[in-house]
Amino acid sequence: MKIAQPDSAVTSISAQVTSFLSAPKCLIDGKPHAALSGKTYSVYNPADGSVLAEVPACGAEDVDLAVKAARRAFEGPWSQMLPAQRQGILLKIADLIEAHGEELAQLETLNQGKSIMLSRLIEVQSSAEYFRYMAGWATKIEGSTLDVSIPIPPGMRYQAYTRKEAVGVVAAITPWNFPLNMAVWKIAPALAAGCTVVLKPAEETPLTSIRLAEICLEAGVPEGVVNVVTGFGEETGAPLVAHPQVAKITFTGSTETGKLIGVQAMKDMKRVTLELGGKAPMIMFDDMDLDLLGLAAGIGSFFNTGQTCCAGVRIYAQKGIYEKALEVIANVTRSLAIGSGLDPRNQINPVVSARHQAHVKACIARGIEDGAKPVIGATAPSQGFFVAPELFTDVRQDMALMQDEVFGPVITMTPFDDADAAIAMANDTRYGLGASIWTTDINKMMRYVPKIEAGTVWVNSHNIPDQNMPFGGMKQSGIGREHGRGALDNYLETKSVCVAYR
Ligand SMILES: NC(=O)c1ccc[n+]([C@@H]2O[C@H](COP(=O)([O-])OP(=O)(O)OC[C@H]3O[C@@H](n4cnc5c(N)ncnc54)[C@H](O)[C@@H]3O)[C@@H](O)[C@H]2O)c1
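What you see is a predicted model, and the numbers here were worked out from it, not measured in a lab. (Residues numbered from 1 in each chain as written. Predicted model: local features only at pLDDT ≥ 70, side-chain atom pairs only at ≥ 80, totals over all residues. Heavy atoms only, no water.)

Check the secondary structure of the protein chain and you find 17 helices and 20 strands. Taken against the 2.2 N^0.38 rule, which gives 23 Å for 502 residues, the C-alpha radius of gyration of the protein chain at 24 Å falls within 12% of a compact globule. With the C-alpha coordinates of the protein chain rotated into their principal frame, the extents come out at 75 × 60 × 40 Å. Restricting the contact set of the protein chain to residue pairs at least 6 apart, pairs at least 24 apart contribute 75%. When the accessible surface of the protein chain is split by element, carbon and sulfur atoms take 56% of a total near 19,600 Å². Across the protein chain, the mean location of the 44 positive side-chain charges is 6 Å away from that of the 52 negative side-chain charges. (Helix = DSSP H or I, 4+ residues; strand = E, 2+ residues; numbered from the N terminus. Rg over C-alpha atoms; globule rule 2.2 N^0.38 Å. Contact = heavy atoms within 4.5 Å. Areas by Shrake-Rupley, 256 points an atom, 1.4 Å probe, with all protein chains shown as cover. Lys, Arg positive; Asp, Glu negative; His and termini not counted. Charge placed at Lys NZ, Arg CZ, Asp CG, Glu CD.)

What follows deals with the site of the ligand. Residues in contact with the ligand amount to 28 residues; listed here are only the nearest, Lys200, Glu203, Ser254, Leu276 and Glu405. Separating an oxygen atom of the ligand from a backbone N or O atom of Gly253 is a distance of 3.3 Å. Within the backbone of Leu276, one N or O atom sits 2.8 Å away from a nitrogen atom of the ligand. For the ligand, the protein covers 89% of the area, taking 860 Å² as the surface of the free molecule. Elements supplying a minimum of two residues to the shell around the ligand: α9 (233–242), β10 (246–252) and α10 (255–268). Here the shell around the ligand gets 3 residues from one element, more than from any other, and that element is α9. Residues of the shell around the ligand, tallied by class, amount to 14 nonpolar, 10 polar and 4 charged. Each of domain 1 (28–276 + 478–496) and domain 2 (280–466) contributes no fewer than three residues to the shell around the ligand. (Near = heavy atom within 4 Å. Polar contact = N/O pair within 3.5 Å; in protein donor to acceptor, adjacent residues only side chain to side chain. Nonpolar A, V, L, I, M, F, W, Y, C, P; charged D, E, K, R; others polar. Domains from an automatic or database assignment.)

Quick look at the UniProt feature "domain: Aldehyde dehydrogenase" (unreviewed entry) in the protein chain now. The UniProt entry lists residues 38–497 under the feature "domain: Aldehyde dehydrogenase" (unreviewed entry), expressed in the numbering used here. Its end C-alpha atoms 49 Å apart, residues 38–497 is made of 42% helix and 20% strand. (UniProt positions renumbered as here; feature names shortened; annotations may be inferred.)

On to the sheet that holds strand β16 (residues 410–416). Each strand in a sheet pairs with its neighbour through backbone hydrogen bonds, running either in the same direction (parallel) or in the opposite one (antiparallel). With respect to topology, 7 strands assemble into an open sheet ordered β14-β15-β16-β13-β12-β17-β18, the strand pairing being mixed. The outermost strands of the open sheet, each flanked by one partner alone, are β14 (373–374) and β18 (456–459). Looking at chain direction, strand β12 (residues 280–284) and strand β17 (residues 434–438) are connected through 3 bridges and run parallel. Note that in β17 the partner of Met282 across the bridge is Ser436. Those strands touched by helix α13 (residues 354–369) are β14, β15 (390–393) and β16, and its axis lies near 25° from that of β15. (Pairing = 2+ DSSP bridges. Axes fitted to C-alpha atoms, helices over the stretch in contact; angles between N-to-C directions.)

For the rest of this paragraph, the subject is the state of the cysteines. By the definition in use, this model includes 0 disulfides. Cys26 carries a free sulfur, and the closest cysteine sulfur to it, the one in Cys58, is 3.5 Å from it. (Disulfide = S-S within 2.5 Å.)

Looking now at α13. Here α13 spans 22 Å end to end across 16 residues, near enough to the 22 Å set by a 1.5 Å rise per residue. Of all the residues in α13, the buried ones are His356, Gln357, Val360, Cys363, Ile364 and Gly367. Angularly, the buried residues of α13 cover 120° about the axis, an arc narrow enough to put them on a single face. Along α13, exposed side chains directed more than 90 degrees from the buried face belong to Arg355 and Glu369. Packing partners of the buried residues in α13 comprise β15, α14 (400–403) and β16. Count one or two residues on from α13 and you reach Gly371, which has phi positive near 105°. (Expected span 1.5 Å × (residues − 1). Buried < 20%, exposed > 50% of the residue type's maximum accessible area, 1.4 Å probe, protein only. Arc of directions from axis to C-beta.)

Quick look at the packing of aromatic side chains now. Per the stated rule, a full pass over the model turns up 8 aromatic pairs. Note on Tyr41 and Phe232: the rings are 4.7 Å apart at their centroids and 55° apart in plane angle, and the pair reads as tilted. Of this pair, Tyr41 sits in strand β3 (residues 40–45) while Phe232 is found in the loop between β9 (226–228) and α9, placing the two residues 191 residues apart along the sequence. For Tyr41, a relative accessible area of 8% puts it in the buried group. Between Trp185 and Phe471 the ring centres are 5.5 Å apart and the planes differ by 75°, which places this aromatic pair in the edge-to-face class. Of this pair, Trp185 sits in helix α7 (residues 179–193) while Phe471 sits in the loop between β18 and β19 (478–479), and the two are 286 residues apart along the sequence. Of the two residues, Trp185 and Phe471, both sit in the buried class. Against the face of Phe178 rests Lys114, its NZ or CZ located 3.6 Å from the ring centre. (Phe/Tyr/Trp six-rings, centres within 6.5 Å; stacked < 30°, edge-to-face > 60°. Lys NZ or Arg CZ within 6 Å of the ring centre and 35° of its normal.)

Attention shifts here to the UniProt feature "active site" (unreviewed entry) in the protein chain. As recorded in UniProt, the feature "active site" (unreviewed entry) lies at Glu275. Among the structural elements, Glu275 can be located in strand β11 (residues 271–275). The class of Glu275 is buried, set by a relative accessible area of 3%. Not counting chain neighbours up to four residues away, the residues in contact with Glu275 comprise Phe251, Thr252, Gly253, Leu433, Phe471, Gly472, Gly473, Ser477, Gly480, Arg481 and Glu482.

Right under this line is the structure:
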């Protein structure tokens, strides 16, 4: 079912969605797979707390089957395909994502809770574009020829060149905030490079990942090239990371889990990319364009109900505009409509799970206990996993509210006098994923961008990544970058070939 207008409300759930929800299965070696143990677990609709589906709870034995299937496919049909054939298949996947667009968007909103508008525009549309972008790189993998100066034995000459070769089986582990899009960020470059994949989606939101794997199959990806195992971190994710036939791990999730995975990867010298947590600052100078304040709060802070790793949650505003910025941002926060994601007029939707709802509420309570001042004090619907957005002032740098990830609709505002002091406060967390500077003075921008410790710095904007723009973290926000040409290198080894001749 083709995608509807992004801002149209969902009046009925599509028949494909209802049928899929009756018995979702993993996909291993191109076939639907129930956990060998027979175990399943429930996934929920966060808008009302009801059970949405029962999903296989995979264990080490299921993971082993999936990795072995991926390895066979890597050695077999996938490695025989011409780059142009891989490109064609990636383009077909993009078309099929669009063709199934409304079904995927509804499924995502039902399972994750987010606005149907974001499901349509980001989870579906931008995922299709991502496949198209990566399809282009599949035919542009190249090495180089190298002049070398090897002097022995006398009389022998050499010419060297490099080959880029697919790394092998990729373990892709994803979080719950953008389930389909995060899976695509990993699968598209892995396939373009010629790798095969075992995807372990977040336990809360596995449904669109399963559909994506089915779509890959429908598009002509050979059996075993894309596999999905559903289940929990320790039971499913850990054996996947530790599997000896996995060559590369690409992980997006919390810094805590990322560290565990990094240690395991290093034990086996597996290649690893880690996209981890954030606590992004937005630094607003006196000379900023005040018309942008609404956008800063709406997209910068509260996009996806604050459940984005780059959300601008620590706002530092210079004293000349602080009162005005506080007034506007407080008004925006107050005015956000709270409700189900199926109605696109709702800008604050449920958070993903009861557990996460309890976490966000505990962060708010801890902030109040520590002496920070809540400005809004609104209440959220009692049914479903809702949390009303909150804005805090009087927050010290050493408070948990300033240092730890809330990953929900909770922001802080702090005034500053001196720009260097603001940069120091902005850098004063263990994270370094995203940040922004708001100014109309290009000199200020050029002076301060290099001083900010973050993988992405937006200027007069925030929280908007692009497939062609390297994305990743400094400090404890991760290792490596996704997107762009560089993303392909994450899935390729470089082999030097040295040819002797006389
Ligand atoms: N940097 C980025 O690009 C980016 C993007 C989105 C989200 N995030 C981060 O993701 C986090 C939110 O997601 P989350 O709560 O799902 O994170 P999480 O770390 O709890 O889980 C992420 C994934 O890891 C799996 N996992 C958990 N323990 C594991 C283990 N021992 N071995 C292998 N896998 C394991 C989970 O099952 C899930 O699939 C936030 O910290 C957010 O900042 C980062």
